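Spelled out, the chains give:
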Amino acid sequence: MAKQLGVSEELLDALYHIDRHYHLFTDRELAALRYAEIMTTSAQEVGEDLWDELQRHFDDGELVEITTVIGLFNFFNRFADALQVDPPPSGKE
């Protein structure tokens, strides 16, 4: 879907190693990515420092939207994993 929206292959690949490719992302994107990672792996650890950083880049409505999207995709992944649902074929065969 990201490719259909114009995201480059380089940027998608960089998501696997953000620490080595951070220069490809804006500070705003890095804050959102950090939030997504922490919310996904240990949501209880979203601390004041991260929250302050997020508020420098996003308004309250945007933070609600970002949090909703992260939570929704975490739900989709856990749901699919629990039911052992395979992703649809990519169509590149």
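Refer to the structure presented above.
Predicted model only: the values in this text are computed from it and were never measured. (Residues numbered from 1 in each chain as written. Predicted model: local features only at pLDDT ≥ 70, side-chain atom pairs only at ≥ 80, totals over all residues. Heavy atoms only, no water.)

Considering the overall build of the protein chain
Scanning the protein chain from N- to C-terminus turns up five helices and zero strands. Dimensions along the principal axes, computed over C-alpha positions, put the protein chain at roughly 45 × 30 × 25 Å. At a minimum sequence separation of 6, the contacts of the protein chain that also span at least 24 residues come to 35%. Summing over all exposed atoms, the protein chain offers an accessible surface of approximately 7,600 Å²; the carbon and sulfur share of this is 55%. Within the protein chain, one finds 7 positive and 19 negative side-chain charges whose respective centroids are separated by 4 Å. (Helix = DSSP H or I, 4+ residues; strand = E, 2+ residues; numbered from the N terminus. Contact = heavy atoms within 4.5 Å. Areas by Shrake-Rupley, 256 points an atom, 1.4 Å probe, with all protein chains shown as cover. Lys, Arg positive; Asp, Glu negative; His and termini not counted. Charge placed at Lys NZ, Arg CZ, Asp CG, Glu CD.)

Details of unusual backbone geometry
Even without being a glycine, Gln84 presents a positive backbone phi close to 55°. Relative to the assigned elements, Gln84 resides in the segment after helix 5 (60–82). Its relative accessible area of 69% is what places Gln84 among the exposed residues. (Buried < 20%, exposed > 50% of the residue type's maximum accessible area, 1.4 Å probe, protein only.)

Overview of the layout of surface pockets
Considering only enclosed or pocket space, the largest pocket measures out at about 1,400 Å³ in volume. Residue lining of the largest pocket: 28 residues in total, with Leu15, Leu33, Ala36, Val69 and Ile70 positioned closest to the centre. Sorting the residues of the lining of the largest pocket by element identifies helix 1 (9–14), helix 3 (27–42) and helix 5 as the ones contributing at least two each. Per-element accounting of the lining of the largest pocket gives the leading share, eight residues, to helix 5. Class assignment for the residues of the lining of the largest pocket results in 18 nonpolar, three polar and seven charged. (1 Å grid on protein atoms, 1.4 Å probe; cavity = no way out; pocket = protein on both sides within 12 Å on 5 of 7 lines; lining within 4 Å. Points joined across faces, edges and corners; volume = space filled by probe spheres on them. Nonpolar A, V, L, I, M, F, W, Y, C, P; charged D, E, K, R; others polar.)

Focus: the nonpolar core
Ranked by size, the top nonpolar core spans 10 residues in total: Ala31, Tyr35, Ile38, Met39, Leu50, Leu54, Phe58, Leu63, Ile66 and Ile70. If one sorts the elements of this core by residue count, helix 3 sits on top with four residues. Those residues in contact with Phe58 that lie beyond four places of it in its chain are Arg28, Ala32, Leu63 and Ile66. (Core = buried A, V, L, I, M, F, W, Y, C linked by side-chain atoms within 4.5 Å.)

Considering the side chain of Glu53
Residue position: Glu53 is located in helix 4 (residues 48–57). On the accessibility criterion, Glu53 (18% relative accessible area) is buried.

Some thoughts on the packing of helix 4 against helix 5
Viewed as axis vectors pointing N to C, helix 4 and helix 5 meet at an angle of 120°, and their least axial separation amounts to 9 Å. Considering how the two elements wind past one another, helix 4 and helix 5 form a crossing that is right-handed. Contacts from Trp51, Leu54, Gln55 and His57 in helix 4 reach Asp60, Glu62 and Leu63 in helix 5. Taken together, the residues that form the contact of helix 4 with helix 5 break down as three nonpolar, two polar and two charged. (Axes fitted to C-alpha atoms, helices over the stretch in contact; angles between N-to-C directions. Left-handed = near helix turned anticlockwise from the far one by under 90°.)

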